[in-house]
Amino acid sequence: MRTAKICLAGAAAAAMVGVLAAPAAAAPTDTTTTTFEVLVGTLDIDAPAAADLGDGAPGGTITGQLGTVTVTDSRGATNASWVASVTATVFQTGGASPPETVLPEEINYWSGPSTASTGDGTFTPGQAAAGDADPLSSVTPLTAFTHSGGTGGNTASWNPTLVVNVPLDSIAGVYTGTVTHSVA
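All values derive from a computational prediction rather than experimental measurement.

A.B. asks: Can you break down the overall build of the chain residue by residue, with the values?
C.D. replies: The secondary structure content of the chain amounts to one helix and 14 strands. Taking the intrachain contacts of the chain between residues at least 6 apart in sequence as the baseline, contacts between residues at least 24 apart amount to 76%. Entry remark: accessible area of the chain is about 11,100 Å², with carbon and sulfur atoms responsible for 60%.

Below, the structure is given as structure tokens:
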């Protein structure tokens with residue numbers, strides 16, 4: 001009997017050690033509330049700092065490309081629409097007398113198709129082909145490119161062409177003016 005009591009006591013002690021030494025039961029799952037923020041960005045346009053369209057004779061035309069113009073929309077808007085427009089100053093040489101002046105209305109602009117775009121929505125050139133070219137103005141902005149619809153961010157690039165209708169009375173010289181692209 002004494003042996004049975006010792007065995008029972010030993011078994012009870014072993015069971016207690018097992019209970020006391022067992023690791024705590026872990027929860028089968030756990031969750032972590034996680035957040036992040038999408039920041040409000042900007043609507044920007046980038047155009048080349050300078051362009052040389054080439055040369056031509058009085059009464060002729062001079063045709064050249066400005067270089068890549070890019071609109072970057074990082075506003076994260078629910079309606080990511082925008083309109084890019086273009087204006088120009090008077091182009092002048094020498095003393096800026098009438099024969100030393102080419103008005104913006106004597107220069108036609110055509111955006112051509114998009115050379116690259118990202119994002120959703122519809123990208124539309126203001127003047128898709130050479131035959132669609134429109135005269136520039138120093139007062140009335142000409143639509144260069146548009147984006148309608150879409151959400152979040154987007155980009156569009158194009159390489160616009162200028163066609164200078166050189167007045168017949170123009171004198172020789174390097175004519176300088178400014179072509180300004182803007183986006184809203």
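Alright, that's what it looks like, and here's the rest.
A.B. asks: Could you give an account of unusual backbone geometry, with specific residues and numbers?
C.D. replies: Even without a glycine there, the phi angle at Ala96 is positive, about 65°. Positionally, Ala96 belongs in the loop between β5 (91-92) and β6 (101-102). Classification of Ala96 as partly exposed rests on a relative accessible area of 30%.

A.B. asks: Lay out the sheet that holds strand β9 (residues 122-125) with the relevant residues and their values.
C.D. replies: Read across the sheet, four strands follow the order β9-β11-β4-β14 without closing on themselves; strand pairing throughout is antiparallel. Looking at strand neighbours, the two that pair on one side only are β9 and β14 (179-183), the edges of this open sheet. Within this sheet the neighbouring strands show an average axis-to-axis angle of 15°, counted without direction.

A.B. asks: Account for the sheet that holds strand β13 (residues 161-165), with residues named and values stated.
C.D. replies: The sheet built from four strands is open, its strands ordered β2-β13-β7-β10 with antiparallel pairing. Of all the strands in the sheet, the pair left with one neighbour each is β2 (61-65) and β10 (134-135). Pairing geometry for β2 and β13, over five bridges, is antiparallel. Paired with Gly64 across the bridge in β13 is Leu162.

A.B. asks: Lay out the environment of Thr42 in plain terms, naming residues and giving numbers.
C.D. replies: Positionally, Thr42 belongs in the loop between α1 (2-21) and β1 (43-46). Given the relative accessible area of 42%, Thr42 is considered partly exposed.

A.B. asks: Can you lay out the nonpolar core for me, pointing to particular residues and giving the numbers?
C.D. replies: By size, the foremost hydrophobic cluster in this structure holds 24 residues, and its most contacted members are Trp82, Tyr109, Leu136 and Trp158. For this core, the secondary-structure elements that each account for two or more residues are β3 (69-77), β4 (82-88), β7 (107-110), β11 (142-148), β12 (152-158) and β13. The residues touching Trp82, leaving out its near neighbours within four places in the chain, are Leu43, Val71, Asp73, Arg75, Phe123, Phe145, Thr146, His147, Asn154, Ala156, Val183 and Ala184.

A.B. asks: Hey, could you go over the side chain of Ser137 for me, with residue numbers and the actual values?
C.D. replies: Along the chain, Ser137 falls in the loop between β10 and β11. Using a relative accessible area of 11% as the deciding quantity, one classes Ser137 as buried. Polar side-chain contacts of Ser137 include one of 3.0 Å to the backbone nitrogen of Thr140. When near neighbours in sequence (up to four residues on either side) are disregarded, Ser137 contacts Thr87, Ala88, Pro104 and Glu105.

A.B. asks: Lay out the environment of Pro141 with the relevant residues and their values.
C.D. replies: Note on placement: Pro141 falls in the loop between β10 and β11. Those residues in contact with Pro141 that sit more than four places away from it in its chain are Ser85, Val86 and Thr87.

A.B. asks: I'd like a rundown of the packing of aromatic side chains, residues and numbers included.
C.D. replies: Applying the stated criterion to the full structure yields one aromatic pair. Aromatic pair Phe145 and Trp158: ring centres 4.7 Å apart, planes at 15°, arrangement stacked. With a gap of 13 residues between them, Phe145 in strand β11 and Trp158 in strand β12 connect regions that are remote in the sequence.

A.B. asks: Run through the pattern of salt bridges, naming residues and quoting values.
C.D. replies: Counting across every chain of the model gives one salt bridge. Where Arg75 meets Asp73, a salt bridge forms, and the shortest distance between an N and an O atom there is 2.7 Å. Since its relative accessible area comes to 2%, Asp73 is described here as buried.

What counts, and at which threshold
- Residues numbered from 1 in each chain as written.
- Predicted model: local features only at pLDDT ≥ 70, side-chain atom pairs only at ≥ 80, totals over all residues.
- Heavy atoms only, no water.
- Helix = DSSP H or I, 4+ residues; strand = E, 2+ residues; numbered from the N terminus.
- Contact = heavy atoms within 4.5 Å.
- Areas by Shrake-Rupley, 256 points an atom, 1.4 Å probe, with all protein chains shown as cover.
- Buried < 20%, exposed > 50% of the residue type's maximum accessible area, 1.4 Å probe, protein only.
- Pairing = 2+ DSSP bridges.
- Axes fitted to C-alpha atoms, helices over the stretch in contact; angles between N-to-C directions.
- Core = buried A, V, L, I, M, F, W, Y, C linked by side-chain atoms within 4.5 Å.
- Polar contact = N/O pair within 3.5 Å; in protein donor to acceptor, adjacent residues only side chain to side chain.
- Phe/Tyr/Trp six-rings, centres within 6.5 Å; stacked < 30°, edge-to-face > 60°.
- Salt bridge = Lys/Arg side-chain N within 4 Å of Asp/Glu carboxyl O.

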